[in-house]
Amino acid sequence: MHVPASGLYYLTYEFVKEKVGTRFGSDGWMALMGTIFAGGMAGIANWAIGMPADVLKSRLQTAPEGTYKNGIRDVFAELMKREGPLALYKGVTPVMLRAFPANAACFIGFEACMKFLNYVAPSI
C-alpha cells in the first residue's frame, strides 16, 4: 500500500508546487509559501490513501497472538463486519492535523538541500 500512497505524495507535491509557482512566481517568499502549501497537501494526500492500510496493520499488530488466523484478511473482514468502512479512517483527524506541518517542513528541507547541491555541483 505504500507504493500508491508514495506515488500520490510526490505527484501531489509536484503538481501543487507547479500550479502555485506559475501563479505566484518561483522566487523568494512566495516560493517558500508554495513549498509549504504543496508539501502540506502532499502529506494529506499520502495519508488519505495510506490510512486504511495503516489502521489494518495497527489492529493486526496490537491483537493478541492467534486472534487473526489469516492475517490482514481476517482483520479487514472483522472490521467491515463490526464497524463498517468508516473504521478504516479512525483517527484521521489527528493524523491530518500532523500531516500538513510535518510534510511542509520535510519539503522545505528537501528544497533547501536541492538548492545547496545545485550550488555546490551545478553540472552533475
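Whatever comes next refers back to the structure up there.
Described in the following lines is the structure provided in the data block. All values derive from a computational prediction rather than experimental measurement. Position numbers for residues count from 1 along each chain, tracking the sequence in the order it is written. Thresholds applied to this predicted model are a pLDDT of at least 70 for local features of residues and 80 or more for the giving and counting of side-chain atom pairs; totals over whole chains, interfaces and linings are not thresholded and use all residues. Water and hydrogen atoms were dropped before computing side-chain values, which therefore reflect all heavy atoms in the structure.

What about the pattern of salt bridges?
To keep it simple, the criterion reads: Salt bridges are defined as contacts in which a side-chain nitrogen from Lys or Arg sits within 4 Å of a carboxyl oxygen from Asp or Glu. Counting from the N terminus, the helices are the DSSP runs of H or I reaching at least four residues and the strands are the DSSP runs of E reaching at least two. Burial status follows relative accessibility: with a 1.4 Å probe on protein chains alone, a residue under 20% of its type maximum counts as buried, one over 50% as exposed, and anything between as partly exposed.
Enumeration over the complete set of coordinates arrives at 5 salt bridges. In this structure, K17 engages E111 in a salt bridge whose closest nitrogen and oxygen atoms are separated by 2.9 Å. Within this pair, whereas K17 is found in helix 1 (residues 2–24), its partner E111 is found in helix 4 (residues 92–120), the two being separated by 94 residues in sequence. With a relative accessible area of 16%, E111 lands in the buried category. We note a salt bridge from E83 to R59, for which the minimum N-O separation is 2.6 Å.

Section: the packing of helix 2 (residues 28–62) against helix 4
To keep it simple, the criterion reads: Angles here are taken between N-to-C directions and fall from 0 to 180 degrees, while the axes themselves are lines fitted to C-alpha atoms, restricted in helices to the stretch in contact. For classification, angles of less than 35 degrees are called roughly parallel, those exceeding 145 degrees roughly antiparallel, those between 65 and 115 degrees roughly perpendicular, and all remaining angles oblique. Helix crossings fall into two classes, left-handed where the near helix is turned counterclockwise from the far one by less than a right angle and right-handed where it is turned clockwise. Any residue that is not Ala, Val, Leu, Ile, Met, Phe, Trp, Tyr, Cys, Pro, Asp, Glu, Lys or Arg is counted as polar, Gly included; the first ten are nonpolar and the last four charged.
At a minimum axis distance of 7 Å, the contact between helix 2 and helix 4 shows a crossing angle of 135 degrees. Judged on the interaxial angle alone, helix 4 and helix 2 are oblique. For helix 2 against helix 4, the interelement crossing comes out right-handed. Here the contact of helix 2 with helix 4 is built from residues that sort into 17 nonpolar, 5 polar and 2 charged.

As for the environment of K57
Here is the rule: Any pair of N or O atoms that falls within 3.5 Å is considered a polar contact. Within protein, one atom must be able to donate a hydrogen and the other to accept it, and sequence-neighbouring residues count only if both atoms are side-chain atoms.
Along the polypeptide, K57 turns up in helix 2. Residue classification places K57 among the partly exposed residues on the basis of a relative accessible area of 37%. The spatial distance from the C-alpha of K57 to the C-alpha of F76 is 9.7 Å, given a sequence separation of 19 residues. At 3.4 Å, the side chain of K57 and the side chain of D54 are in polar contact.

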